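Chain and residue survey
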Amino acid sequence: TTPTVIASGYCGREGDGKNLSWTLDDAGTLTISGTGKMYDAGNWLAVPWIELRDSITSVVISDGVTTIGNCAFIWCEHLESIDIPDSVTSIGSSSFNRCLVLADIDIPDGVTSITFTAHIVNAYYLCDPYPDEGFNNTYNTSCYIGAQRSGDTYNGKTIMTQAERTATSAHG
């Protein structure tokens, strides 16, 4: 059976935001397509599909998308897989925070910056980002893909603070 689209909208950051669109189907696949930068949500409540997060089990980002926006998949606790194309060059702040069952993320060679709080470490099992005593969402630096501070790199990718990413984004 072909999956049926149950919700859709726009999630772009260029012009009127319609440079990128998204669909969620009844199989749990969130597909993001179009060309250019993804919307940077100011917080998790501003993510376009946040009300549907419990239905999302996989994400497919189409070739042509160049950034993964801030908070993009935050609180998608049932997200099991994500396909990131080579066109993506930047991963935003808190983009994978609280993706509790996401076991692996293949970061393409095209990614040149990962914002400091991207929270993709649980994919690499470098630490337990959810200890019983609670998760420090801001400064638990041992849980950030092996980097301790801005400017460090992981697998050739530069780690940036949110302020640095914002300044960089403003210039390109």
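Thresholds applied
Residues numbered from 1 in each chain as written. Predicted model: local features only at pLDDT ≥ 70, side-chain atom pairs only at ≥ 80, totals over all residues. Heavy atoms only, no water. Helix = DSSP H or I, 4+ residues; strand = E, 2+ residues; numbered from the N terminus. Contact = heavy atoms within 4.5 Å. Areas by Shrake-Rupley, 256 points an atom, 1.4 Å probe, with all protein chains shown as cover. Pairing = 2+ DSSP bridges. Axes fitted to C-alpha atoms, helices over the stretch in contact; angles between N-to-C directions. Phe/Tyr/Trp six-rings, centres within 6.5 Å; stacked < 30°, edge-to-face > 60°. Buried < 20%, exposed > 50% of the residue type's maximum accessible area, 1.4 Å probe, protein only. Salt bridge = Lys/Arg side-chain N within 4 Å of Asp/Glu carboxyl O. Patch = residues over 30% accessible without salt bridge, like charges linked within 9 Å, V, L, I, M, F, W, Y side chains within 5 Å. pLDDT = per-residue confidence, 0-100.

**Notes on the overall build of the chain**
Helix and strand counts for the chain stand at one helix and 10 strands. The long-range fraction of contacts in the chain, counting pairs at least 24 apart against all pairs at least 6 apart in sequence, stands at 42%. Surface exposure of the chain reaches about 8200 Å², of which carbon and sulfur atoms provide 48%.

**A few points about the sheet that holds strand E2 (residues 20–25)**
Taken in spatial order, the five strands of this open sheet run E1-E2-E3-E4-E6, and their pairing is mixed. Only two strands of the sheet have a single partner each, and these edge strands are strand E1 (5–10) and strand E6 (81–83). Averaged over all neighbouring strand pairs, the angle between strand axes comes to 15 degrees, with direction disregarded.

**A word on the packing of aromatic side chains**
Under the defined criterion, the tally for this structure stands at three aromatic pairs. With 5.6 Å between their ring centres and 75 degrees between their planes, Trp-22 and Trp-49 make a pair best called edge-to-face. Here Trp-22, found in strand E2, pairs with Trp-49, found in the loop between strand E3 (29–34) and strand E4 (58–61); they are 27 residues apart in sequence, far enough to count as distant. On the accessibility criterion, Trp-22 (6% relative accessible area) is buried.

**Some thoughts on the pairing of E3**
As paired elements, E2 and E3 share five bridges and run antiparallel to each other. Directly across from Thr-23, in E3, lies its bridge partner Thr-31. As judged from the four bridges shared by E3 and E4, these two strands associate in the parallel manner. Across the sheet, Leu-30 pairs through a bridge with Val-59, a residue of E4.

**What to know about the pattern of salt bridges**
Enumeration according to the criterion identifies one salt bridge in this entry. Here Arg-13 and Asp-40 are joined by a salt bridge, their closest N and O atoms 2.2 Å apart. Note that Arg-13 is positioned in the loop between E1 and E2 and Asp-40 in the loop between E3 and E4, a separation of 27 residues in sequence. Classification of Arg-13 by relative accessible area gives partly exposed; the value is 26%. By relative accessible area, Asp-40 is classed as partly exposed at 21%.

**Quick word on the environment of Ser-62**
Within the element layout of this structure, Ser-62 appears in the loop between E4 and strand E5 (67–68). Residue Ser-62 is classed as partly exposed on the basis of its relative accessible area, which comes to 23%. Along the backbone, Ser-62 and Leu-20 are 42 residues apart, and their C-alpha atoms lie at a distance of 9.8 Å. Contact partners of Ser-62, with chain neighbours within four places excluded, come to Thr-31, Ile-32, Ser-33, Pro-85 and Ser-87.

**Some words on a nonpolar patch on the surface**
Among the surface-exposed residues, Trp-44, Leu-45 and Trp-75 lie close enough to one another that they form a single nonpolar patch of about 300 Å² accessible area. Considering the arrangement of structural elements, one finds Trp-75 in the loop between E5 and E6. For Trp-75, a relative accessible area of 31% translates into the label partly exposed.

**Focus on the confidence of the model for the chain**
A low pLDDT means the predicted coordinates there should not be read in detail. When pLDDT is averaged along the chain, the result is 74, and 66% of the positions lie at 70 or above. Every residue in residues 119–167 is under pLDDT 50, and counting partners more than four places away or in other chains gives 106 contacts.

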